[in-house]
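Take a look at the letters that make up each chain.
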Amino acid sequence: MNSKRRFSRVELDFPITCTFIDSQSQMMITSAGKVMDISLGGMRISVPIPQPMINSDQLSYNLSLPEPFSTITGKGKIKWSDRDDEKQVIIFGMAFENLSKEHETIIE
């Protein structure tokens, strides 16, 4: 099956900080990670956190881009997640929530 994406993706390797709130325990975890790719719809991110922590379907993020760009911060909704036991990370896809026009322009 050949599915078409709504937005084209650009592969990246930029640091990101994500904050998750576990929907069951209400515990909050902040983790450094890396953005693997980005589009106007969202990002694919890798973080070294335990699998059970992805009881969260929402996150806040802080993505520092190189000059001349600025930092992109906001909230996102986790669409899918998968564990990479070899690298001991969780890889997940998130959709942007309320992406500002300024941040949309930076991503474009």
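As shown above, the structure is provided for reference.
Keep in mind that this is a model prediction, so the values were computed, not measured. (Residues numbered from 1 in each chain as written. Predicted model: local features only at pLDDT ≥ 70, side-chain atom pairs only at ≥ 80, totals over all residues. Heavy atoms only, no water.)

## Quick word on the environment of Lys 34
Relative to the elements of secondary structure, Lys 34 occurs in strand S2 (residues 28-38). For the pair formed by Lys 34 and Pro 48, sequence separation is 14 residues and the distance between their alpha carbons is 9.6 Å. Those residues in contact with Lys 34 that sit more than four places away from it in its chain are Asp 13, Phe 14, Pro 15, Ile 16, Arg 44, Ile 45 and Ser 46. (Helix = DSSP H or I, 4+ residues; strand = E, 2+ residues; numbered from the N terminus. Contact = heavy atoms within 4.5 Å.)

## A closer look at the nonpolar core
Residues Phe 20, Met 43 and Phe 92 are the most contacted members of the largest nonpolar core, which totals 22 residues. Looking at which element gives the most residues to this core, the answer is strand S6 (residues 89-97), with 4 residues. Beyond its immediate stretch of four places on either side in the chain, Met 43 contacts Ile 16, Val 35, Asp 37, Ile 38, Tyr 61, Leu 63, Phe 92, Gly 93, Met 94 and Phe 96. (Core = buried A, V, L, I, M, F, W, Y, C linked by side-chain atoms within 4.5 Å. Buried < 20%, exposed > 50% of the residue type's maximum accessible area, 1.4 Å probe, protein only.)

## Focus: the sheet that holds strand S1 (residues 10-21)
Read once around its circumference, the closed barrel built from 6 strands follows the order S1-S2-S3-S6-S5-S4, with strand pairing classed as antiparallel. Each neighbouring strand pair of the sheet contributes to a mean axis angle of 40°, computed without reference to strand direction. When S1 meets strand S4 (residues 58-64), the two strands line up antiparallel, connected through 5 bridges. Its bridge partner being in S4, Thr 17 is matched across the sheet by Asn 62. (Pairing = 2+ DSSP bridges. Axes fitted to C-alpha atoms, helices over the stretch in contact; angles between N-to-C directions.)

## A look at the packing of aromatic side chains
Enumeration over the complete set of coordinates arrives at 2 aromatic pairs. Seen in terms of ring centroids, Phe 20 and Phe 92 are 5.6 Å apart; in terms of plane orientation they differ by 75°. Their pairing is edge-to-face. With Phe 20 in strand S1 and Phe 92 in strand S6, this pair connects stretches of sequence that are 72 residues apart. The residues Phe 20 and Phe 92 share a single accessibility class, namely buried. (Phe/Tyr/Trp six-rings, centres within 6.5 Å; stacked < 30°, edge-to-face > 60°.)

## What to know about the pairing of S2
Pairing between S1 and S2: 10 bridges, direction antiparallel. Bridging across to S2, Pro 15 finds its partner in Lys 34. Where S1 folds back onto S2 in an antiparallel hairpin, the turn is made up of 6 residues, including Gln 26, whose phi is positive at roughly 60°. In this sheet, strand S3 (residues 42-47) lies alongside S2 in antiparallel orientation, the contact comprising 4 bridges. Note that in S3 the partner of Lys 34 across the bridge is Ser 46. The turn linking S2 back onto S3 is made up of 3 residues.

## Notes on the side chain of Ser 31
With respect to the helices, strands and loops of the structure, Ser 31 is situated in strand S2. The class for Ser 31 is buried, based on a relative accessible area of 7%. Ignoring anything within four residues of it in the chain, the contact list for Ser 31 reads Ile 16, Thr 17, Cys 18, Val 47, Pro 48 and Ile 49.

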